[in-house]
Amino acid sequence: MATLRVLVKNFTRKLPLARRRLSPPSDRSLRTCLRRREPSSTSSTAHRIRSPSKKESPNFQIIEVPPRELKEKDVCVKMLAAPINPSDINRIEGVYPVRPPVPAIGGYEGVGEVHSLGSAVSGLSIGDWVIPFPPSSGTWQNYIVKEENIWHKVSKNIPMEYAATITVNPLSALLMLEDFVKLKSGDTIVQNGATSIVGQSIIQLAKVQGVNNINIIRDRPGSEEVKERLKKLGADMVFTESQLNVKNVKSLLDDLAEPVLGFNCVGGNAASLVLKFLSQGGTMVTYGGMSKKPITVSTSSFIFKDLSLRGFWLQKIFSSERVADCRPMIEYLLKLVESGKLKYEMELVPFHDFSMALDKALGKLGSQPKQVIKF
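Residues numbered from 1 in each chain as written. Predicted model: local features only at pLDDT ≥ 70, side-chain atom pairs only at ≥ 80, totals over all residues. Heavy atoms only, no water.

Across its full length, the chain carries 10 helices and 16 strands. Within the span of the chain, comprising 375 residues, buried residues form 54% of the whole. Across the chain, every contact between residues at least 6 apart in sequence was considered, and the portion connecting residues at least 24 apart equals 72%. (Helix = DSSP H or I, 4+ residues; strand = E, 2+ residues; numbered from the N terminus. Buried < 20%, exposed > 50% of the residue type's maximum accessible area, 1.4 Å probe, protein only. Contact = heavy atoms within 4.5 Å.)

See below:
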């Protein structure tokens, strides 16, 4: 089958990201996948990213990807939903050490339905719901072809937006809770960035484990409503940063034990507040730097409190032998979703409204729920 035409022209690289409007996909891109055991897959409409240099913002366009040969171990999946994570953009911009060649199709996780199979595929059936695991680039398109071993079957009882978002943020939360300190019921943790999906997941996972949690949020309008929302998820204590401008933050703990583990995704003063809460010999894990400010640690924190500073990067685990251990963890998280013990706010957005969803995901329109593209 011949390569199909590009649906829209390249957008100029100089336009601000918020002004790039994307045309809806043509009906031709929605063709049904070819039947089982036929030699090629369907064409696919995709959001492709162009980024000529690290100094320029990513440039998005809609293209139509030509069909590819369906090999004997390949599976063609019709995507149902895929989120827009800030890390998706960071990866393309070169913030992370691993950067896919550009132009590239965006997206890193999602959920889809099996539409056709190679002749040697035995573990999946047409109609199954699957997620790519480990996650890999290219989920912002309506059809994907990958080998069978890349796909992980999930229950159709799971809301598709949760299946689409389980492998990055909730999995990061679970791994960080388990990897650095052996927590037991009654222990306490502290975190900043508590309103993020990772932060919300940490609150709920800690609750399941009987671990107390202290949460720090930034000062903003509506902070009291945010506090109540987090407490409904299982937060024991929630403070704004300004509330912690006291000489001894530990005086605020009431009957809670001093935290043995802290999580930082902000940096700057917010990281310093996490360190102030930690107990003797405590550990702070940094997994992000939203403020783009460095972490400053006093000499006394090392000498007298013997604090440990660690880092977490999910991609490192996905690139190691430990990735196989993550599949049971995915199932555990999905069971928590199914039982109502793990939830977070999301907004399903039609494929053709990607540009607006991207602006929301990048914080250009204020605080917004997690943006999830629906195909």
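Structure's up, so let's keep going.
A word on the nonpolar core. Counting 49 residues, the largest nonpolar core has Val111, Ile166, Leu171 and Ile189 as its most contacted members. A per-element tally of this core places helix α9 (residues 323-338) first, with eight residues. A domain split of this core shows at least three residues from each of domain 1 (59-165 + 344-374) and domain 2 (169-315). Non-local contacts of leucine 171, meaning those with residues more than four positions away in its chain, are made with Phe133, Ile166, Leu314, Phe318, Cys326, Met329, Ile330 and Leu333. (Core = buried A, V, L, I, M, F, W, Y, C linked by side-chain atoms within 4.5 Å. Domains from an automatic or database assignment.)

This structure, assessed with the given rule, holds eight salt bridges. Notably, a salt bridge pairs lysine 153 with aspartate 128, separated by 3.7 Å at the nearest N-O pair. In this pair, lysine 153 sits in strand β8 (residues 151-154) while aspartate 128 sits in the loop between β5 (111-117) and β6 (129-132), placing the two residues 25 residues apart along the sequence. Residue class for lysine 153 comes out partly exposed when judged on its relative accessible area of 47%. In this structure aspartate 128 comes out as buried when scored by relative accessible area, which is 12%. As a salt-bridge pair, glutamate 347 and lysine 360 come within 3.2 Å of each other at their nearest N and O atoms. Of this pair, glutamate 347 sits in strand β15 (residues 346-350) while lysine 360 sits in helix α10 (residues 354-361), and the two are 13 residues apart along the sequence. Since its relative accessible area comes to 25%, glutamate 347 is described here as partly exposed. (Salt bridge = Lys/Arg side-chain N within 4 Å of Asp/Glu carboxyl O.)

Among the structural elements, valine 198 can be located in helix α4 (residues 197-209). Note: C-alpha distance between valine 198 and tyrosine 344 (146 residues apart in sequence) is 9.6 Å.

Under the criterion given, the structure shown has five aromatic pairs. Ring geometry for tryptophan 140 against phenylalanine 354: centres 5.0 Å apart, planes inclined by 65°, an arrangement best described as edge-to-face. Placement of the pair is tryptophan 140 in the loop between β6 and β7 (143-147) and phenylalanine 354 in helix α10, with a sequence separation of 214 residues. For the pair formed by tryptophan 140 and phenylalanine 354, the shared burial category is buried. A ring pair is formed by tyrosine 162 and tyrosine 344, whose centres lie 4.9 Å apart and whose planes are at 55°; its orientation type is tilted. Residue tyrosine 162 is located in helix α2 (residues 160-165), and its partner tyrosine 344 is located in the loop between α9 and β15; the two are separated by 182 residues in the primary sequence. Accessibility classification places tyrosine 162 together with tyrosine 344 in one group, the buried group. (Phe/Tyr/Trp six-rings, centres within 6.5 Å; stacked < 30°, edge-to-face > 60°.)

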